[in-house]
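# Residue-level structure breakdown
Residue-level listing of the chains:
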Amino acid sequence: MQILFVGYNLFPESGGVFNSVTRFIRAMQMYGHDTKCISFTDCLVSSPHSDPNWLNLPVPGSMLGKSYGYIRRSELQPGEELIREADVVFVHLLYRYHCIWAARVARDQGKPVIVVPHGTLDPWVFTYRGLRKRAWLHMHRNLLFGDGNTVLFATQAESLKAKAVVTSARERVISWSAERLTCGGKPDRRPDGQRKLLMVGRLHPMKRVIETIQALRRVGGSHWTLTVAGPPTTEISPDDLRKAAGPLWDSQIRYVGHLDREQLFPLYAESDALLQLSHRENFGYAVAEAMCEGLPVVVSEGVDISPIVSNWDCGLVRAIRSDTDIDRILADLLALSTERLGAMGLAAAAAARSEFSFERFAGSVNDLVVSTVRQRSLTLVS
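Before going into details, it helps to say that this report is about the structure given with it. Fair warning: this is a prediction, and the values are worked out from it, not measured in the lab. (Residues numbered from 1 in each chain as written. Predicted model: local features only at pLDDT ≥ 70, side-chain atom pairs only at ≥ 80, totals over all residues. Heavy atoms only, no water.)

### Notes on the overall build of the protein chain
For the record, the criterion: Counting from the N terminus, the helices are DSSP H or I runs at least four residues long and the strands are E runs at least two residues long. Between buried and exposed lies partly exposed: a residue is buried under 20% and exposed over 50% of the maximum accessible area for its type, with that area taken using a 1.4 Å probe on protein chains only. Residue contacts follow a heavy-atom distance rule, with two residues in contact if any of their heavy atoms lie within 4.5 Å. Using a 1.4 Å probe, accessible areas were evaluated by the Shrake-Rupley method; residue-level cover was limited to the displayed protein chains.
In terms of helices and strands, the protein chain carries 13 helices and 13 strands. When each of the 382 residues of the protein chain is scored for burial, the buried share is 54%. Here the contacts in the protein chain between residues at least 6 apart in sequence split such that 70% fall between residues at least 24 apart. Within the structure as shown, the protein chain displays about 16,200 Å² of accessible surface, and the carbon and sulfur contribution to it stands at 52%.

The following block contains the structure:
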């Protein structure tokens, strides 16, 4: 079968959505399907993803940050041809023109659509530009969530939260996958009383990067360091981190920029815990990958795989409603013994092997694709 993926700004620095799409592509190729991808890419993106099966459709600069209006038909013709050839169309992310366009063309061509929200239906998303987003959903509800389409969530928590906003005719929950970066044994931990903490992800307000740095300053002490890895965004720059860190910059708090997965392994190996206190994460790749490496994780309840962290006792989970909550969870982390952290790390690795298997993910996605095509065929016949 021919499987098409459509998304927005799909390039490595964009983070979790790009990671998800590349895993979906690997999963489909594992089952012998042909795969193509369309990325509606901002003109300001300096290095769009380069792949012979990856079509980058440039978005005019005047449309950045908007729902794009309508791009000229001639610019979209190559993408329409790919939808015409596809057996199934996956649409990733909401609130942008790419998903409206792809769903309309697919509908006109009689192609089944699988919508992957990536956390864009989480209640926190509606704390900013909420009226605009709700109006957008109301306008396109039937096109995206009506009969014939399937909505795919990464966790049960993401699915439950989405029900407060929209209901869909069909939905599925398939846990995303995560894998170890190496085949070696458990990474070594520092033997002394120092604690090396790690944050991985885009510098974005959603992830409470600034608040976490400020909380660590309030906790005080010289027995900890924090390394932050991830690409800057228009919302938070490295200079914003420096200002938040104050006198601790480059001593206890350092920023190492955007790193690829191979470059991250030494950081996982030398760290004692990963911090991810986000407002929301529909999955949380950094958390899952850290668990794969045997690293304890400290997460907010907004991270939708936090129930796994709690059930397997492989870190700390807290509801974060104020800066005081951040102070408390960080103080609790720094008070844990080396033995307790080691036990959490072993539990994290075991949980990851059980919960984030790529083979299970690939099989579930393939089953979804096969059943979706079969259902569409039965509908057309009837």
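Let's pick the thread back up.
### What about unusual backbone geometry?
Not every positive phi belongs to a glycine, and L93 is a case in point at roughly 80 degrees. Positionally, L93 belongs in the loop between β4 (88–92) and α3 (97–109). Phi is positive for H118, close to 55 degrees, though the residue is something other than glycine. Here H118 is to be found in the loop between β5 (113–116) and α4 (130–145).

### Some remarks on the side chain of S278
Quick note on the threshold: Whenever a nitrogen or oxygen atom comes within 3.5 Å of another N or O atom, the pair is scored as a polar contact, on the condition that within protein one atom can donate a hydrogen and the other can accept it, and that pairs from neighbouring residues in sequence are kept only if both atoms are in side chains.
As for its placement among the helices and strands, S278 is situated in the loop between β11 (273–276) and α9 (285–292). Engagement of the side chain of S278 in a polar contact is seen with the side chain of Q276, the distance being 3.2 Å. In terms of polar contacts, S278 uses its side chain to reach the side chain of E281, at 2.8 Å. Not counting the four nearest positions on each side in its chain, S278 is found in contact with M206, K207, R208, S300 and G302.

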